[in-house]
Amino acid sequence: MTESITPPRRIDGTGMLLALVLSIVVVVPLLVVGIWAFTEVWRYPNVLPQQFGLRFWEQTLNRSDVWSALWLSLTLSAVVTLASAIICLPAAYAFARMRFPGRDLLFFSFLAGHAFPKFGLLVAIAAIFLQLDLIGTFWGVALIQLVNTLMFMIWIPVAAFQAVDRRMEEAARDVGAGPFRVFWSITLPQAAPTIAAALLLTFVGTFYETEGAWLIGAPGIRTMPVLMISFINNQMVIQFGAVLSVMLWVPSFIALMFARRVIGGNAFAKGFGG
């Protein structure tokens, strides 16, 4: 019996128009910020800058607080990602493979923090942190950013562990492999690409997190996004903010290149296919 082949669906005019509009909405603001970063004079009503240059790059990169903020952001992202992996990955495996009382309620509770206005939740946590002397400290900011990673580091790895081929695990057990050997040799390699995607999202999301770092970290802790806001608000020079924005794009670009080469484009499809 021959199988019928479904012809590929063509994108109609409405779909192409919607894709074009979305591309413009995303690309144009990035393009404008990128132009501002290399602009010295750009006055209304001129469409293009009157003078390009690297003066604001030199002034920004010569500031010690910029490099301190960059190092702090990278350190926070690494610490929070590592802590989140240690805490959340075993929990994700338990949610994916075990049944226990209150499992579904607890599982969906990790989504609750993203279902309500975030700033109100941060204010409530800040009141608790104030009593614990965590305001304005590295670990206070790390803890508040750790809360933001729970959804990524629980939901995505759960999908990854659920998508693992159970027949391969059973075959390994049939030939005498123990639980740890089955997990290390069969389960983890299949789930690893999607888990790596979750780690990547956690690192990048922590690097760009602003509200918690500003509310909990002020005045002693200033990450790159917080410093960028400070530059724009206090100095009223848009080029400083634009230069920092371009600098903030670099980690994202590196992360996306890593995702493309190492993780692969079908990582999420494998995880959510379960």
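(A) How the structure looks around the pattern of salt bridges. Counted according to the given criterion, the structure contains five salt bridges. Asp165 is the partner of Arg167 in a salt bridge, and the nearest nitrogen-oxygen pair spans 3.2 Å. Assessed through its relative accessible area of 63%, Arg167 is described here as exposed. When its relative accessible area of 22% is taken as the criterion, Asp165 is described as partly exposed. Bridged by salt links that share partners, the residues Arg63, Asp65 and Arg222 form one connected network.

(B) A look at the packing of helix H5 (residues 118–131) against helix H6 (residues 138–162). Running from N to C, H5 and H6 cross one another at 145 degrees; their axes reach a closest spacing of 12 Å. You can see that H5 and H6 cross each other, and the crossing is right-handed. Contact with H5, carried on its side by Lys118, Leu122, Ile125 and Phe129, involves Gly140, Leu143, Ile144 and Asn148 of H6 and no other residues of that element. Class assignment for the residues of the contact of H5 with H6 results in five nonpolar, two polar and one charged.

(C) Up close: the packing of aromatic side chains. Inspection of every chain in the model, using the stated rule, returns 10 aromatic pairs. Ring centres of Tyr93 and Phe183 lie 5.5 Å apart, and the angle between their planes is 85 degrees; this geometry places the pair in the edge-to-face category. Here Phe183 lies in helix H8 (residues 179–208) and Tyr93 lies in helix H3 (residues 64–97), a separation of 90 residues in the sequence. Judged by its relative accessible area of 23%, Phe183 falls in the partly exposed class. Pairing Phe180 with Trp184 gives two aromatic rings, centres 6.2 Å apart and planes at 15 degrees, and the pair type is stacked. Of this pair, Phe180 and Trp184 both sit in helix H8, four residues apart, roughly one helical turn. Here Phe180 falls in the exposed class, since its relative accessible area comes to 62%. Counting every residue linked through ring pairs, the aromatic cluster contains Tyr93, Phe161 and Phe183. Between the NZ or CZ atom of Arg55 and the centre of the ring of Phe56, over which it lies, the distance is 4.5 Å.

(D) Looking closely at unusual backbone geometry. With an omega of 0 degrees, the peptide bond between Ala218 and Pro219 qualifies as cis. Within the secondary structure layout, Pro219 lies in the loop between helix H9 (211–217) and helix H10 (224–235). Even without being a glycine, Asp133 presents a positive backbone phi close to 60 degrees. According to the relative accessible area criterion, Asp133 is exposed, its value standing at 65%.

(E) Main features of the environment of Glu170. Counting through the fold element by element, Glu170 comes out in helix H7 (residues 166–174). According to the relative accessible area criterion, Glu170 is partly exposed, its value standing at 43%. Between the alpha carbons of Glu170 and Ile186 there is a distance of 9.9 Å; along the sequence they are 16 residues apart.

(F) Here's a closer look at the nonpolar core. In this structure, Met224, Leu244 and Met247 are the most contacted members of the largest nonpolar core, which totals 20 residues. Sorting the residues of this core by element identifies helix H1 (13–37), helix H2 (55–61), H3, H10 and helix H11 (238–263) as the ones contributing at least two each. Sorting elements by how many residues they give to this core places H11 first, with seven residues.

(G) Representation of H6 within the structure. Taking 1.5 Å of rise per residue, the 25 residues of H6 would be expected to cover 36 Å, and the 35 Å separating its terminal C-alpha atoms lies within 8% of that figure. Along H6, the helix axis deviates most sharply at Thr149, where the bend reaches about 40 degrees.

(H) Looking closely at the packing of H6 against H8. Across the interface, H6 lies against H8 with an axial gap of 9 Å and an inter-helix angle of 150 degrees. As judged from the angle between their axes, H6 and H8 are roughly antiparallel. Between H6 and H8 lies a crossing of right-handed hand. Contacts between H6 and H8 involve Gln145, Thr149, Phe152, Met153, Ile156, Pro157, Ala160 and Phe161 from the former and Phe183, Thr187, Ala191, Thr194, Ile195, Ala198, Leu199, Leu201, Thr202 and Thr206 from the latter. Grouping the amino acids of the contact of H6 with H8 by side-chain chemistry returns 12 nonpolar, six polar and no charged.

Criteria and cut-off values
- Residues numbered from 1 in each chain as written.
- Predicted model: local features only at pLDDT ≥ 70, side-chain atom pairs only at ≥ 80, totals over all residues.
- Heavy atoms only, no water.
- Salt bridge = Lys/Arg side-chain N within 4 Å of Asp/Glu carboxyl O.
- Buried < 20%, exposed > 50% of the residue type's maximum accessible area, 1.4 Å probe, protein only.
- Axes fitted to C-alpha atoms, helices over the stretch in contact; angles between N-to-C directions.
- Helix = DSSP H or I, 4+ residues; strand = E, 2+ residues; numbered from the N terminus.
- Left-handed = near helix turned anticlockwise from the far one by under 90°.
- Contact = heavy atoms within 4.5 Å.
- Nonpolar A, V, L, I, M, F, W, Y, C, P; charged D, E, K, R; others polar.
- Phe/Tyr/Trp six-rings, centres within 6.5 Å; stacked < 30°, edge-to-face > 60°.
- Lys NZ or Arg CZ within 6 Å of the ring centre and 35° of its normal.
- Core = buried A, V, L, I, M, F, W, Y, C linked by side-chain atoms within 4.5 Å.
- Expected span 1.5 Å × (residues − 1).
- Bend = angle between axes of the 7 residues up to and from the residue.
- Parallel < 35°, antiparallel > 145°, perpendicular 65-115°, else oblique.

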